[in-house]
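# Structural features, examined
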Amino acid sequence: MMPVRWRTERMEFLRAQAVDHITVTRARVSADNHGNAIMSLGRDTVSPKRLTREQRICEAALLCFSESCSDSFAAHRLNEKDWKKLLPWLDVSGLALYFLDRMTKLHQRDSLPASVVSRLERNLEENRERTCGLIEESARLQRGFQSAGLSYAVMKGLSLCPMSVSHLELRHQFDLDFLIADTDAASAKEILAQQGYTLFAVSGRSWEFKKGQTPHVGPKDLYRNLPYRGVELHLETRTAGIPTRLDRTVAREVHGVVMPVLSPVDLFIGQAMHASKDIASPFLRASHLLEFYRHVLAQRDNSSFWEKLRQHAREDQRACVAIGVATYLAASVWGSFAPQALTSWTVEQLSPTVRLWLDLYGRTAAIQAPPGNKRYLWLREELAATSISSGTSRKPVLLSFNLPRKVIQATAGETLSTRVARYRVQIRFVVSRVRFHAIEGLRFLIESRRWNTLRSNLP
């Protein structure tokens, strides 16, 4: 990941009381006048913890993306200090350029301060150049894959347009992702090495490569088309007689480049799995949830698609739960939007404890700033019980005693100033992780009493 220093919100040490009343949102499915199923949000017996002003502003920005949005963002009357806090959050959440585009479509752009519009327009222009650079890099790598006869498909980013992303330059993307047959992984690694990439990390069946890393990067460089590039290869095993995602790929032209992408059903499942994994992590990048929300809206009236999806995913419990988690949280944030053809076999099948976690913590997870918190451990524990996280321990691991991996790898012939800067970045990262584990670990232990009480009271 690009070594950018994010501003984190001031941590508070507040002891939650065991008998505190909480607002629990319950998702229920009902039919509208046209026979389509909608998700309606009801209230249970409890009162939520109040959001801070900073959180309320972030939530207001997030709510602007609802298809039924009618409120003016200007009504919140943000001052200069508010914008200084909101803009960094929009950046790290991946929403900044989506926000500018949304304000334009809602005819609220003129209500934003001129300095904010100028800053976002500059970011958009920089990201447009950055996106072109990523597309060119992707095309260059794919020419190598195709010349070698490798079996692969483009995943995530570039393939999300137009279902989830109307214009690629609005999406802030760090890496290029490819699904590749495991038998072709070694050849793909050689091709990447020829293009200057080095293997950075291996996590399960994902190989992460990087090139052009530099410690001399700050927040102002976030949208620039820097030489830094990242590639992830996701390995897929091919078994004789069993069709795989690579067997179902379709050709698509992206900015003049023809590339194999996942089939529409596989693309949707992959996006839901990614969003669900993000929800069950310390920090949820809100743009991933928004892109999933928009994908559902784009296919909402396509009954044929939902039937194909159900037929394909009905035997995959992990996929069903992932879709349900992402849909439930998106509905909690933006209101009713998903058809019953989707919710009946996903959302309605979520366990009471998973729903409880989403009700209690999903709203704040969508608007929190990095590095996030440790409450996600409870969700992982509950998802493991439903086999979505197969192989994961049922008991949350609160503390990690492993040293963080290197943020930036050393390069041959690096200068002394670069080495010092690299060490400085690593030290800051280690300190931030220690601080995260100490502070959020304590908050986790304090909150655990309330969580366990509410969980045990479920029918």
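Please refer to the structure higher up on the page.
Attention in this report is confined to the structure presented alongside it. (Residues numbered from 1 in each chain as written. Predicted model: local features only at pLDDT ≥ 70, side-chain atom pairs only at ≥ 80, totals over all residues. Heavy atoms only, no water.)

On the surface, a nonpolar cluster with roughly 310 Å² of combined accessible area is contributed by Y423, I427 and V431. Assignment of secondary structure puts I427 in helix α13 (residues 416–456). (Patch = residues over 30% accessible without salt bridge, like charges linked within 9 Å, V, L, I, M, F, W, Y side chains within 5 Å. Areas by Shrake-Rupley, 256 points an atom, 1.4 Å probe, with all protein chains shown as cover. Salt bridge = Lys/Arg side-chain N within 4 Å of Asp/Glu carboxyl O. Helix = DSSP H or I, 4+ residues; strand = E, 2+ residues; numbered from the N terminus.)

Bringing unusual backbone geometry into the picture now. Residue P162 follows C161 across a cis peptide bond; omega there is 10°. That bond from P370 to P371 is cis: its omega, 10°, falls within 30 degrees of zero. Within the secondary structure, P371 sits in the loop between α11 (352–365) and α12 (376–385). The phi dihedral of R77 falls on the positive side, at around 50°, and the residue is not glycine. Following the sequence through the fold, R77 ends up in the loop between α1 (53–63) and α2 (80–92). Although it is not a glycine, K156 sits at a positive phi angle of roughly 55°. Examined against the element boundaries, K156 turns out to sit in the loop between β3 (152–155) and β4 (175–181). For K156, a relative accessible area of 24% puts it in the partly exposed group. (Buried < 20%, exposed > 50% of the residue type's maximum accessible area, 1.4 Å probe, protein only.)

Okay, the pattern of salt bridges next. Tallied over the entire structure, the rule returns 24 salt bridges. Its salt-bridge partner being E59, residue R363 comes within 2.7 Å of it at the nearest N-O pair. Linking R363 in helix α11 with E59 in helix α1, this pair joins segments that are 304 residues apart in sequence. With its nearest N and O atoms 3.7 Å apart, the salt bridge here joins K156 to D177. Of this pair, K156 sits in the loop between β3 and β4 while D177 sits in strand β4, placing them 21 residues apart in sequence. Residue D177 is classed as buried on the basis of its relative accessible area of 9%.

Once that is clear, we can look at helix α5 (residues 185–194). Residues of α5 that are buried: A185, A188, I191 and L192. One side of α5 carries all its buried residues, which in axial view fall inside an arc of 120°. Across from the buried face of α5, at angles greater than 90 degrees, the exposed residues are E190 and Q194. For α5, the secondary structure elements touched by its buried residues are α4 (114–147), β4, β6 (206–211) and β7 (229–236). G196 sits one or two positions beyond α5 and adopts a positive phi of about 95°. (Arc of directions from axis to C-beta. Contact = heavy atoms within 4.5 Å.)

A few words now on the pairing of β6. Across the 6 residues of β6, 5 count as buried, placing the element largely inside the fold. Here strand β5 (residues 198–203) folds back onto β6 in antiparallel fashion, the turn holding 2 residues, of which G204 has a positive phi close to 60°. Across 6 bridges, the pairing between β6 and β7 is antiparallel. Pairing of K211 across the sheet is with R229, part of β7. (Pairing = 2+ DSSP bridges.)

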